[in-house]
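Each chain, letter by letter, is given below.
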Amino acid sequence: MTRLLPAAAAALALMSSMAPAVGRAEEAPITSGAHILTERQQPAVINAVLEDRLKTLLPDLMREAGIDMWLVLNREYNEDPVYFSLVPAPTYAARRTTMLVFHDRGEEEGVDLLTVNRYPLGAPYESAWEGGDLEEQWRGLGDLIAEKNPQKIGVNMSRHWPVADGLSEALHTRLMDVLSPELQKRVVSAEELAVRWLETRSELELELYPQIVGLARGVIAEAFSNDVITPGATTASDVVWFMAQRFKDLNLDIWFLPSFDIQRAEWECEGDSPFCGRSGDEVIRRGDVIHTDVGVCYLRLCTDTQEMGYILRPDEDDVPEELKKAMVTGNRWQDHLTGSFATGKTGNQILGETIRKSEAEGIYSSTYTHPLGVFGHAPGPTIGMWDNQGETPIRGDWPLYPNTGYAIEGNVRVPLEMWGGNQVVIKLEQDAIFDGEGVWYVAGRQTDWLVVE
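Since the model is a prediction, treat every value here as computed from it, not as a measurement.

Attention now moves to the layout of surface pockets. Estimates place the volume of the largest pocket at around 740 Å³. Taken together, 34 residues form the lining of the largest pocket, with Tyr368, His370, His377, Trp386 and Glu409 sitting closest to its centre. Listing elements by their share of the lining of the largest pocket, those giving two or more residues are strand S8 (259-263), strand S9 (289-294) and strand S14 (370-372). It is S8 that contributes the most residues to the lining of the largest pocket, three residues altogether. Considering only enclosed or pocket space, the second largest pocket measures out at about 630 Å³ in volume. In terms of lining, the second largest pocket is formed by 21 residues, of which the most central are Gln42, Ile46, Asp253, Leu299 and Arg300. Elements that contribute at least two residues to the lining of the second largest pocket include exactly helix H2 (42-56), strand S10 (296-298) and strand S11 (301-302). The element that contributes the greatest number of residues to the lining of the second largest pocket is H2, accounting for three residues. A per-class count over the lining of the second largest pocket returns 14 nonpolar, four polar and three charged.

Another aspect to go through is the pattern of salt bridges. For the coordinates displayed, the defined rule picks out 19 salt bridges. Between arginine 105 and glutamate 109 there is a salt bridge; the shortest N-O distance is 3.2 Å. Assessed through its relative accessible area of 39%, arginine 105 is described here as partly exposed. For aspartate 318, the salt bridge is made with lysine 324, and the minimal N-O distance between the two is 2.5 Å. Each of Arg53, Arg201 and Glu205 takes part in one network of salt bridges that share partners.

What follows deals with the state of the cysteines. One pass over the structure, following the stated rule, counts two disulfides. The disulfide bridge from cysteine 269 ends at cysteine 276, spanning 2.1 Å between sulfur atoms.

A word on the sheet that holds strand S4 (residues 126-130). Across the sheet, which stays open at both edges, the six strands sit in the order S4-S3-S2-S1-S5-S6 with mixed pairing between neighbours. A strand with exactly one partner marks an edge of an open sheet, and here the two such strands are S4 and strand S6 (187-189). Ignoring strand direction, the axes of neighbouring strands in this sheet form an average angle of 30°.

The subject of this paragraph is the packing of helix H3 (residues 58-65) against helix H7 (residues 191-199). Contact geometry of H3 with H7 gives a least axis separation of 9 Å together with a crossing angle of 150°. Taken as axis vectors, H3 and H7 run roughly antiparallel relative to one another. The chirality of how H3 crosses H7 is right-handed. The residues of H7 that touch H3, namely those facing Leu58, Leu61, Met62, Glu64 and Ala65, are Glu192, Leu193, Arg196 and Trp197.

Cut-offs and rules
- Residues numbered from 1 in each chain as written.
- Predicted model: local features only at pLDDT ≥ 70, side-chain atom pairs only at ≥ 80, totals over all residues.
- Heavy atoms only, no water.
- 1 Å grid on protein atoms, 1.4 Å probe; cavity = no way out; pocket = protein on both sides within 12 Å on 5 of 7 lines; lining within 4 Å.
- Points joined across faces, edges and corners; volume = space filled by probe spheres on them.
- Helix = DSSP H or I, 4+ residues; strand = E, 2+ residues; numbered from the N terminus.
- Nonpolar A, V, L, I, M, F, W, Y, C, P; charged D, E, K, R; others polar.
- Salt bridge = Lys/Arg side-chain N within 4 Å of Asp/Glu carboxyl O.
- Buried < 20%, exposed > 50% of the residue type's maximum accessible area, 1.4 Å probe, protein only.
- Disulfide = S-S within 2.5 Å.
- Pairing = 2+ DSSP bridges.
- Axes fitted to C-alpha atoms, helices over the stretch in contact; angles between N-to-C directions.
- Parallel < 35°, antiparallel > 145°, perpendicular 65-115°, else oblique.
- Left-handed = near helix turned anticlockwise from the far one by under 90°.
- Contact = heavy atoms within 4.5 Å.

Remember, this is a structural readout, not a statement about activity or role.
Quick look at the structure:
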């Protein structure tokens, strides 16, 4: 692992010492805001992780993709989707036209991290050109490429992956104008490299991820409590905005507005949509099943979590057995899904195995699991979609690689005698890592109902 600068090492040690006790347990402890680094502390951790990724991941990924020069070209406020995963913090935008150049000189010498910018980025990048006007900058890039003489020049153009399609037509035209006819022939799509860079997690990130997911789960636990919910008075929208405000107060960025919905015995759930349940101004009642979906980003890693709760009736001191069994069925579906993970399998293959296993046990499931990482809906193998339980072309054909993250997302439908045969939809989503041998939940998973008394 990279030898860390003192400030970065100190920040990582601080975060570790403040971290909640989360890990690979079936139901790990959850917490909320006491372990969040300040704005001043966060850049050291982000930059330590970035330098480690650039040193330990990027060279192998470039060679795997067969690209010896990768160009990431950006305009201010029109940045390439991969840009912010490559630059040190704090960075809020590209400056004017910002050019990142990654040149692989081979296993012994490694990858040069270069910039051709009006304003230098600083460590870990070395400035190959700075100052001057825009025309001089483009000539400087052309001269640098000619000097390095790469065999394959990767640029971010992709028909199928938005995150790998960051090079605009105008920038592509300017690039080709400064390359010789021979070098123009060497320009190729860096689609595979961009996807692999974004989907692969480093050792440092795997240390941090449990703490980040634990924070998100902690806010859910707060929301699903009598501190927030008063049966007969609190609405679904009240809980949504409590969570949104709570995340803001904790300085955690949400990448979508939290959702909250209610299922009730007399409401029949029609069709196969996972959006079964009522929300908005609907008032929460005793005996309701409640559900939320939240996602936050912190230290450049994103979460995506769904959990279930129950509002006890006055004569109840525990969740009804039928609902407990329904949760067990949901966990069983998760096991079928994660037990199908193996290096090299495609998302479509994993989906097919999961469906077959569930059907063999009479489980009515729907799987729509997606990769997770720098983005909430990250690149990598798509494993079903909520509106398509068949094969997904291109993204569903992407193979599974080790050290990649996933939101294990889907639902099961279980008829309840206590609801007159109406179905309850158990909607679960927990964040997990596939390490090449198996899947582990980075901050536990829900196996018991959250209870509001």
